[in-house]
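Breakdown of the fold
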Amino acid sequence: MAEAGVFEQILDHSHRADPYPLYAELRRTPVARQPDGSYVVSTYRHVAALLHDPRLSSDLRSEEERAAPGQRPSMLRLDPPDHDRVRRLTMRHFGPPHTPARVDGMYDELAETVSRLVDDFAGREQVDVVDDFAYPFPVAVICKLLGVPREDEPRFSRWVDVLVGATDPNGELKDTNPAVVQAIIDFRGYLAGLVATHRKEPGEDLLSALATDAGPEGRLGDDELLGQAMLLLIAGHETTVNLIAHGVLTLLRHPDVLQRLREDPELSIRLVEELLRYEPSVQMIPWRRALADIELGGTTIPSGSVVTLVLAAGDRDPDAFRDPDRFDPDRQSEHLSFGGGPHFCFGAPLARLETQLALTEFARRVENPRLVADPPPYRPSPVLRGPLHLPVRLDGVAPAARRVARPAPEMVRQRTPAEEDVHARG
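Residues numbered from 1 in each chain as written. Predicted model: local features only at pLDDT ≥ 70, side-chain atom pairs only at ≥ 80, totals over all residues. Heavy atoms only, no water.

The name given to the protein chain in an unreviewed UniProt entry is Cytochrome P450, with Nocardioides panacis as the source organism.

Points about the overall build of the protein chain
Looking only at helices and strands, the protein chain features 19 helices and 12 strands. The C-alpha radius of gyration of the protein chain comes to 21 Å, within 12% of the 22 Å expected for a compact globule of 426 residues. In the protein chain, buried positions account for 55% of the 426 residues. Within the protein chain, residue pairs in contact and separated by at least 24 positions form 74% of the contacts whose partners lie at least 6 positions apart. Put simply, the protein chain shows about 18,700 Å² of open surface, and 52% of that area lies on carbon and sulfur atoms. Here the protein chain contributes 50 positive and 67 negative side-chain charges, whose respective centroids are spaced 2 Å apart. (Helix = DSSP H or I, 4+ residues; strand = E, 2+ residues; numbered from the N terminus. Rg over C-alpha atoms; globule rule 2.2 N^0.38 Å. Buried < 20%, exposed > 50% of the residue type's maximum accessible area, 1.4 Å probe, protein only. Contact = heavy atoms within 4.5 Å. Areas by Shrake-Rupley, 256 points an atom, 1.4 Å probe, with all protein chains shown as cover. Lys, Arg positive; Asp, Glu negative; His and termini not counted. Charge placed at Lys NZ, Arg CZ, Asp CG, Glu CD.)

What to know about the environment of Asp 293
Mapping Asp 293 onto the fold places it in the loop between strand E5 (285-290) and strand E6 (294-296). With 237 residues separating them along the chain, Asp 293 and Leu 56 place their C-alpha atoms 9.8 Å apart. Ignoring any residue separated from it by four or fewer positions in sequence, one finds Asp 293 in contact with Arg 55, Thr 300, Ile 301, Pro 302 and Ser 303. A polar contact is formed between the side chain of Asp 293 and the backbone nitrogen of Ser 303, at a distance of 2.8 Å. (Polar contact = N/O pair within 3.5 Å; in protein donor to acceptor, adjacent residues only side chain to side chain.)

What about the nonpolar core?
Proteins that are soluble and globular tend to have nonpolar side chains buried together. In this structure, Tyr 23, Phe 133, Phe 156, Phe 187 and Leu 191 are the most contacted members of the largest nonpolar core, which totals 103 residues. Here the element with the most residues in this core is helix H13 (residues 222-253); it accounts for 16 residues. By size, the runner-up hydrophobic cluster in this structure holds 19 residues, among which are Val 31, Tyr 39, Leu 51 and Leu 309. (Core = buried A, V, L, I, M, F, W, Y, C linked by side-chain atoms within 4.5 Å.)

A few points about the sheet that holds strand E8 (residues 306-309)
Where strands meet in a sheet, backbone hydrogen bonds hold them as pairs that are either parallel or antiparallel. An order of E1-E2-E8-E5-E3 is seen for the five strands of this open sheet, with the pairing classed as mixed. Single-partner strands in this sheet number two, and they are strand E1 (31-33) and strand E3 (56-57). (Pairing = 2+ DSSP bridges.)

Quick notes on the packing of aromatic side chains
This structure, assessed with the given rule, holds nine aromatic pairs. Among the aromatic side chains, those forming a connected cluster through ring pairs are Phe 121, Phe 133 and Phe 362. Directly above the aromatic system of Phe 321 lies the positively charged group of Arg 277, at a separation of 5.2 Å from the ring centroid. In this structure, Arg 316 is placed above the aromatic ring of Tyr 20, and the distance from its NZ or CZ to the ring centre is 3.7 Å. (Phe/Tyr/Trp six-rings, centres within 6.5 Å; stacked < 30°, edge-to-face > 60°. Lys NZ or Arg CZ within 6 Å of the ring centre and 35° of its normal.)

A word on the sheet that holds strand E11 (residues 391-393)
On the basis of which strands lie adjacent, the open sheet formed by three strands has the order E4-E11-E10 and antiparallel pairing. Of all strands in the sheet, those with a lone pairing partner are strand E4 (126-128) and strand E10 (370-371), marking the two edges. As paired elements, E10 and E11 share two bridges and run antiparallel to each other. Among the inter-strand pairings, Leu 371 is bridged to a residue of E11, identified as Val 392.

Quick notes on unusual backbone geometry
Cis rather than trans, the peptide bond between Pro 80 and Pro 81 has omega equal to 5 degrees. On the secondary structure map, Pro 81 appears in the loop between helix H4 (63-67) and helix H5 (82-91). Following Asp 374, the chain continues to Pro 375 via a peptide bond in cis, the omega torsion being 5 degrees. As for its position among the elements, Pro 375 is in the loop between E10 and E11. Look at Trp 287: it is not a glycine, yet its phi comes out positive at around 65 degrees. Within the secondary structure layout, Trp 287 lies in strand E5. With a phi close to 45 degrees, Asp 323 is a non-glycine residue in the positive phi region.

Let's talk about the packing of helix H10 (residues 153-165) against H13
In the contact formed by H10 and H13, the axes pass within 11 Å of each other and the chain directions differ by 85 degrees. The orientation of H10 with respect to H13, classified from their angle, is roughly perpendicular. The residues of H13 that touch H10, namely those facing Phe 156, Val 160, Leu 163 and Val 164, are Met 230, Leu 233, Ile 234, His 237 and Glu 238. In terms of residue class, the contact of H10 with H13 is made up of seven nonpolar, one polar and one charged. (Axes fitted to C-alpha atoms, helices over the stretch in contact; angles between N-to-C directions. Parallel < 35°, antiparallel > 145°, perpendicular 65-115°, else oblique. Nonpolar A, V, L, I, M, F, W, Y, C, P; charged D, E, K, R; others polar.)

Side note on the packing of helix H14 (residues 255-263) against helix H17 (residues 348-365)
Two elements in contact, H14 and H17, have axes separated by 8 Å at closest approach and are oriented at 95 degrees. If you check the angle between H14 and H17, you find them roughly perpendicular. Along its contact with H14, which presents Leu 258, Leu 261 and Arg 262, the element H17 presents Leu 359, Thr 360, Ala 363 and Arg 364.

A closer look at the pairing of E8
In the case of a regular strand, side chains alternate between the two sheet surfaces. Residues Val 306 and Thr 308 of E8 are buried on one face, and the alternating residues Val 307 and Leu 309, pointing to the opposite face, are buried as well. Summarising the sheet, strand E2 (residues 39-41) and E8 pair through three bridges and their orientation is parallel. By the bridge assignment for E8, Val 40 is matched with Thr 308. Bridge analysis of E5 against E8 gives three bridges, and the strand direction is antiparallel. Within E8, the residue paired with Arg 288 across the bridge is Val 307.

Structure below.
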């Protein structure tokens, strides 16, 4: 049997707890052809370039599939100009300039939610940071934001698990796994019912706003709206769960930083940016396709090739970051973890705010936390990487006597696509 290549080893679950030595090995060939004919790009410079290159497509449909009626993909799987129209119609109700208060206006509710979760640690000698803290917080937030009943979480979590598993680059370009197909059908059916309810009796939530949009460009088509709703519900919590869990794990491995955060809550802003670089929730972007021959790093990626961008390898690239394997919250982290170009992460401002609040509350109130197992067990996905469980022992919980200082809005906002382009060229 042939020895597994570096990228194949990265995809193997046995390396999920610490893939970073393999990422260093992967960067020795910045643009690496794989046995199946696909290409893997791993250095900061080359990943950043391709994130902004219009010759790399996110739309994997054939011409016939694009022309056929039926399910429309989310903006994650669209190229401009279709992507830009769908993103613009969605963003109208999520952020500046039309709805600047959507995320900022949730600050007090987010702070109260995370405080209640820490309250529930009282009287316990051990908690699971994933099940008791990192998961329920962003799930509660995205349900509130979208107008999804919180009690429906057991239903949609089953579909989410199946669909997250389908992002594995080991899979097929066109996934015909019956379980995946059925999960998509069931998930869309569930969301179609919710959209119909919100259209009939709209509330203050995002789904109501999208379903009843009367803006100058009209509203998303029903198929487009279901694709967006599915994306927002999945991405709105999956990545943040991993980021918060990795945040607690990293703080417990760096007790000096934990103590600094305990004494200075404003450190959370820089700390979360460094955490995004050091332990990115989205390790790689698989399933992109070259629309033309692309010369990169001395290699030609032929037109039609499938390409994977390994963000986590780029974020540990020593040519971009001094001493990249050291966690340093004082670093200026221009990381790749939210992607870039037109597909820059839609929910970045919310993910940043949630993680800043969660880590600050944990650091300030949980007394003498310590890891039970290091490394903890990891979830299967090599794309959305995070601990499956994170058991932590503690001696008690301090009272919620003081509200966390509110970060300045300009410190948590996302870069615009135009600012991203300037950053990439710079």
